Every structure is written in structure tokens, then in C-alpha cells.
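Residue-level listing of the chains:
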Amino acid sequence: MDRAAVAALHDERIDWRFKGMPADAFGRTVEEFLRQRPTVFGSGFVGPLLVLDRDALEHNLRTMAAWCARHGVALAPHGKTTMAPQLFQRQLAHGAWGITAANLSQLRVYRAFGVSRVLLANQLVDPHGLAWLAQELDGDPGFSCACWVDSVRGVRLMTEALAPQRPSRPVDVLIELGAEGARTGVRDTSTAADVARAVAASPVLRLVGVGGYEGAVAHDLGDHEVAAVDSYMGRLRELVGTLAEAGHFDGLDEVLVTAGGSAYFDQVAEALTAPWPNALPVTAVLRSGAYVTHDDGLYRTMSPFGRPHRTAGDESPFRPAMRIWAQVTSRPEDGLALLTMGRRDVSFDQDLPEPRLLRDRHGTVRPLANARVTALADQHAFLLVEPDADIEVGDWIGSGLSHPCTVFDKWALIPEVRGDEVVDLIRTFF
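Residue indices begin from 1 for each chain and proceed along its sequence in written order. The model is predicted, so local features are restricted to residues of pLDDT at least 70 and side-chain atom pairs to those at 80 or more, both for listing and for counting; the totals for chains, interfaces and linings are taken over all residues. Hydrogens and water molecules were not included; the side-chain quantities draw on all heavy atoms of the structure.

J.: What am I meant to see in the sheet that holds strand β4 (residues 117-123) here?
T.: Paired through their backbone hydrogen bonds, the strands of a sheet run either parallel or antiparallel. DSSP calls a pair of strands paired once it identifies at least 2 bridges connecting them. The secondary structure listing takes helices from DSSP runs of H or I that are at least 4 residues long and strands from runs of E that are at least 2 residues long, numbered from the N terminus. The sheet built from eight strands is open, its strands ordered β2-β9-β8-β7-β6-β5-β4-β3 with parallel pairing. Across the chains shown, the open sheet's two edge strands, defined by having one partner strand only, are β2 (74-75) and β3 (99-101). Sheet topology places β2 next to strand β9 (residues 282-286); two bridges connect them, and they run parallel. For L75, the partnering residue across the bridge sits in β9 and is L286. Sitting on the sheet, helix α5 (residues 104-112) is in contact with β3, β4 and β5 (144-149), with an inclination near 145 degrees to β3. Contact definition: two residues touch when any of their heavy atoms are within 4.5 Å. For helices, the axis comes from a line fit to the C-alpha atoms of the stretch in contact; other axes are also lines fit to C-alpha atoms, and the angle between any two N-to-C directions lies between 0 and 180 degrees.

Okay, structure coming up:
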């Protein structure tokens, strides 16, 4: 990455654009503000406020990097989870092979911060986007990008858009394998063979591997779902073998084979690291992204490191690194408290926030038991509590969150904390 570009984020001035920031920080750069050693509850931050725990982040980065190294897989974490270049830099520093993007706008953010190896996990057929990509590839010999293809028409549209650009090197593509009723990707080997032949005939494209996403065929940990993932990965391996036998990977020093979200990456790694026929030079790449922050919901349940069965090894589980603090703004009736956070602030597509801590009017923080969020409005959370709970208007509730992918997009500047001390401000770009 471009370390200077990442470091320059500390030169940005804090102002009204960034919710939760102290008014006293307005007009100061991030670096100037951090020099004051601010604290969450002593420096004027206002709620609701999302924070990231540095120690949990570092634990997760180390744990995933060590596991990938032991299992012989590369990691290109999906950057859409955080869209935070500061966190990308840490992932790469912990050995990540590259960063995955979902669309061109995300890729442009990556390039602005010098990310040099990207998987674009979609078929790119927009002519303006392809022209930009060709210019990026021509302008930086150290930049590599590979995107998906899943149709002959898509290959034709890409070729028609790229040919007038006369790129100095072809755009690398991977054939995406899908599944019936799921999302993108070829459904059968015959279609994949047609797409491969179309790529071979294109003067501006090069086939470098096969990609897919096993999470499209399974959504929980039942035996049927786990078996569906294994079956899908078997089909992915078969497709790689079929294309190799047809000579589509001849001459390549490296064949990319990639899958792997944050729920079934143990099964993916097992499939991708099994022996390949004829010593095919496969580089197995996982694209898990949510591990960096983990969560208090979806991935706590689904992560291989946290399951009671079919675990990924002896690793300690990932730690949830996200917490949101919101004040009690109303106690209108027994058993109910209203908090100053809602759908504009937290994820709700998988699970509701889990109240964990209470910081009372005296500044004492203690675990919060027998309380749960039952619903979210745009700016309020409905907190069900015991009728005699010692919770008053003005108290703070710290909650864990589920599904980080739909939390980060709501926050442009996020305090990173160690205890109560703010040690950095993490900038996101959505």
C-alpha cells in the first residue's frame, strides 16, 4: 500500500461531518486530536458512538494470519466489510495476499491508497469502468487485478470495451462458479467451457483461474448446509480440473482458485489445499473479511473457530471488536428504556444489538444482565429491562453488534480504543 496516503489520513480535519466527534476537536487534525490522548467518556464524544477495540483487532489479525499460514492458503480479505484503508494496511502487514473488492467504486478507493493486488469478485462489464481499469494497469506495472466472468456475452462486452484502449497487458479473469437458484456464476461445466473458449479468443483478456462463493449455498450449520458447502467445493475442484485438461491454464505460473467467506472457510481451505492433478500450480485464496472485527451475533455463531463441532483447529475464537455506546434517553414505563441508537447507527439485517455493559451516572461500568433490545426505530432502540432495573435516563449502555458489513457503512470516522483511551481514529470510505 501507499503508506504515505494512509498516514495522510491523520492530516484530515475533524468537523461536523463526523458524527459522535467532540465539538472541541472541530478544526483540529486527527493527529492533533490524538496527541491530547482523548478518552471516550472524558473528551466530549457524543452518543451514539461506535468504537473499535484495538486489542481485539490485533488478536483477530494475528489469529487469522497464523491459521492461513499453517493451512497453506493465501488471504485476500473482502475490503467491503470495513472500507478502511488503515485496516487494509494492517491486514496486509499481517501477510494478506491482496484485498477483495465487490465493485469498481470500492476498487477506486483501494487504488487511491495504493493497494497493489485486488480480486474484483464480480463481472465488470461497464465500459467506463473497464477503460479506467485499463489505464490503471498501464500506469502501474506493479498493480494486478483479476475479476470474474460468467457468460460469453460478458466476455464479449469486456472485449469490446477494452480493445479500443489497446492495453499493454490483458485483464485477468476467473470463471465464476455459481449454483442453481443462487447468485452469479456459471451453473454447469458446459457453460464454463464456452466462457473459457471466449476468453481464449479475446485479445484483451487472460484466464487465470476459477472463483466462487460457498456462502451462496448455505446459511447455517445444519448437516444439510455443511454438506452443501462440501458439494459445492467439490464442483469447484472439478471445474478447475476440466479447464486444466482442456489446456486453458497452460503456460501459467500460477492458477488462482478462490472462495471463502467468514463462515465456512475451514471447509474451503480443506478443499483447496488437497492435491491437484498434474502438479497444477494452484494458489488457494480465501476472501474472508469479517474476521477482522468479528461480531456479537452472526459470525460468533458461524465462525469455524467458535463452533462446538467441525472447528478449524485449536485457535482461540475471534474476539468481537465492535461496540456501540448509546445513552438512555427515556424511561417511559416499567421495564422499558429507550436508547439513542437506531437503524441509522447499527446493523439489524442479521441480529439486533446485544446490550453488554452499563455505565451509570457515577461513571461506574458493570455488566448488564437481563436486558435485550427488542426493536429498532430510525434513531431509537427499545431496551427491555427488569421492572426494578437500576437504569436511569442519562446512563450509557454498551452493546455488541452483529454483521460488521452493515455497521461500518454508517460511520465515517470511528474511534479505536484501548480501554477508555482513544488510540486512533479509523476513516472509512463508502
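J.: Before we go on, may I ask you to explain the packing of aromatic side chains in this structure?
T.: In this description, a pair of aromatic rings is defined by centroid distance and the angle of the planes. The pairing test for Phe, Tyr and Trp rings, Trp by its six-membered ring, is centres within 6.5 Å, and the orientation test on the planes gives stacked under 30 degrees, edge-to-face over 60, and tilted for anything in between. Under the defined criterion, the tally for this structure stands at ten aromatic pairs. Ring centres 5.9 Å apart and planes at 70 degrees place the aromatic pair F33 and F45 in the edge-to-face group. On the criterion of sequence distance, the pair formed by F33 in helix α2 (residues 30-35) and F45 in the loop between α2 and β1 (49-53) is long-range, its members being twelve residues apart. The cut-offs for exposure are 20% and 50% of the maximum accessible area for each residue type, with area from a 1.4 Å probe on protein chains only; residues under the lower value are buried, those over the upper are exposed, and the others partly exposed. Classification of F33 by relative accessible area gives buried; the value is 2%. Exposure remark for F45: the relative accessible area of 9% places this residue in the buried category. Arranged with centres 5.1 Å apart and planes meeting at 85 degrees, the rings of F41 and W325 form a pair that is edge-to-face. Of the two residues, F41 is situated in the loop between α2 and β1 and W325 in strand β10 (residues 322-333); the sequence distance between them amounts to 284 residues. The exposure class assigned to W325 is buried, which follows from its relative accessible area of 8%. Ring pairs connect the aromatic residues W67, F265, Y291, F305 and F318, which therefore count as one cluster. In this analysis the charged atom, NZ for Lys or CZ for Arg, is taken to sit over a ring once it is within 6 Å of the ring centre and within 35 degrees of the ring normal. The ring of F41 has R359 lying over it, and the distance from NZ or CZ to the ring centre is 4.1 Å.

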